[in-house]
Amino acid sequence: GERNNNPGNIERTRTQWKGMSPDQSGDSRFIVFTSAVWGIRALAKVLLTYSRVYPQDTPQDIDTVREVINRWAPPNENDTGAYVKNVCKRVGVGPDEAIDVTDEGVMSNLVKAIIAHENGRCVYEDELIEDGVRRALA
C-alpha cells in the first residue's frame, strides 16, 4: 500500500481515479497513485459510496464498522472479525454503532484505522489524511 501510494490497497477495476498514475506496471493487482493523498482520497470515496449507493440493494444501510469492513474486506479473503475489532478500537466505537462517514472527523479516523490495518501501521500525518478526506468529501 505504501509503495503504491494506495494505503487502502484498492484493487484495480475499470474506475479511473483522480491521481492515478499513468504507469500501472508497478503492481499487477493494486492501483498505483501518484501520491498518497490521492490514494487516501480514493479510500474515502469508496467508503462514501458504501453509504450512498449500497443501501438501495442491501437490507440496511452500510453505516457501522462491521458493515463497512465486511464490504471492504470480505470474510472469504480476510479475518474480518479481527479487522472489525482492530478498527473499532482505533475509531472508538462499537462494531454495530452507527457512524456518519460524511463527518470529516469520523471519516478521518476510519480511514486512518483502515490504513493501519491494511499496512500494519499508518505512516501518514493526520494533516495528509485530513487533506485526502476533504478532497473526497468535496
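This text goes with the structure placed above it.
Computed from a prediction, not measured in an experiment: that's the story for all the values here.

(A) Structural view of the pattern of salt bridges. Within this structure, the stated rule accounts for seven salt bridges. Between Asp27 and Arg3 there is a salt bridge, with the nearest N and O atoms lying 3.4 Å from each other. Placement of the pair is Asp27 in the segment before α1 (36-52) and Arg3 in the segment before α1, with a sequence separation of 24 residues. Between Arg135 and Asp131 there is a salt bridge, and its shortest N-O distance comes to 3.1 Å. Pair noted here: Arg135 and Asp131 are both in helix α5 (residues 126-137), with a separation of four residues, about one helical turn.

(B) Main features of the nonpolar core. In terms of nonpolar packing, the biggest core is built from 38 residues, with Leu47, Trp72, Val87, Leu110, Val111 and Ile114 touching the most fellow members. Those elements that place two or more of their residues in this core are α1, α2 (65-72), α3 (80-91), α4 (104-119) and α5. Among the elements that make up this core, the one with the highest residue count is α1 (nine residues).

(C) Main features of unusual backbone geometry. Backbone geometry at Asn5 places phi at a positive 55°, although glycine is not the residue there. Positive phi, close to 55°, is recorded for Asn9, a residue that is not glycine. Within the fold, Asn9 resides in the segment before α1. Since its relative accessible area comes to 18%, Asn9 is described here as buried.

(D) A look at the packing of α1 against α2. Look at α1 against α2: their axes get within 11 Å of each other, and the N-to-C directions meet at 115°. As far as their axial angle goes, α2 and α1 are roughly perpendicular. Every pair of crossing elements has a handedness; the one defined by α1 and α2 is right-handed. Contacts between α1 and α2 involve Leu43, Val46, Leu47 and Tyr50 on the former and, on the latter, Val68, Arg71 and Trp72.

(E) Structural context of the packing of aromatic side chains. Within the structure shown, the criterion is met by zero aromatic pairs. One residue, Arg135, lies across the ring of Trp38, its end atom 4.7 Å from the ring centre.

(F) Here's a closer look at the environment of Leu43. By secondary structure assignment, the location of Leu43 is in helix α1. Taking C-alpha positions, Leu43 is 21 Å from Ser25, a pair spaced 18 residues apart along the chain. Here Leu43 is in contact with Gly8, Ile10, Trp72, Val111, Ile114 and Ile115, once residues within four sequence places are set aside.

Rules and cut-offs
- Residues numbered from 1 in each chain as written.
- Predicted model: local features only at pLDDT ≥ 70, side-chain atom pairs only at ≥ 80, totals over all residues.
- Heavy atoms only, no water.
- Salt bridge = Lys/Arg side-chain N within 4 Å of Asp/Glu carboxyl O.
- Helix = DSSP H or I, 4+ residues; strand = E, 2+ residues; numbered from the N terminus.
- Core = buried A, V, L, I, M, F, W, Y, C linked by side-chain atoms within 4.5 Å.
- Buried < 20%, exposed > 50% of the residue type's maximum accessible area, 1.4 Å probe, protein only.
- Axes fitted to C-alpha atoms, helices over the stretch in contact; angles between N-to-C directions.
- Parallel < 35°, antiparallel > 145°, perpendicular 65-115°, else oblique.
- Left-handed = near helix turned anticlockwise from the far one by under 90°.
- Contact = heavy atoms within 4.5 Å.
- Phe/Tyr/Trp six-rings, centres within 6.5 Å; stacked < 30°, edge-to-face > 60°.
- Lys NZ or Arg CZ within 6 Å of the ring centre and 35° of its normal.

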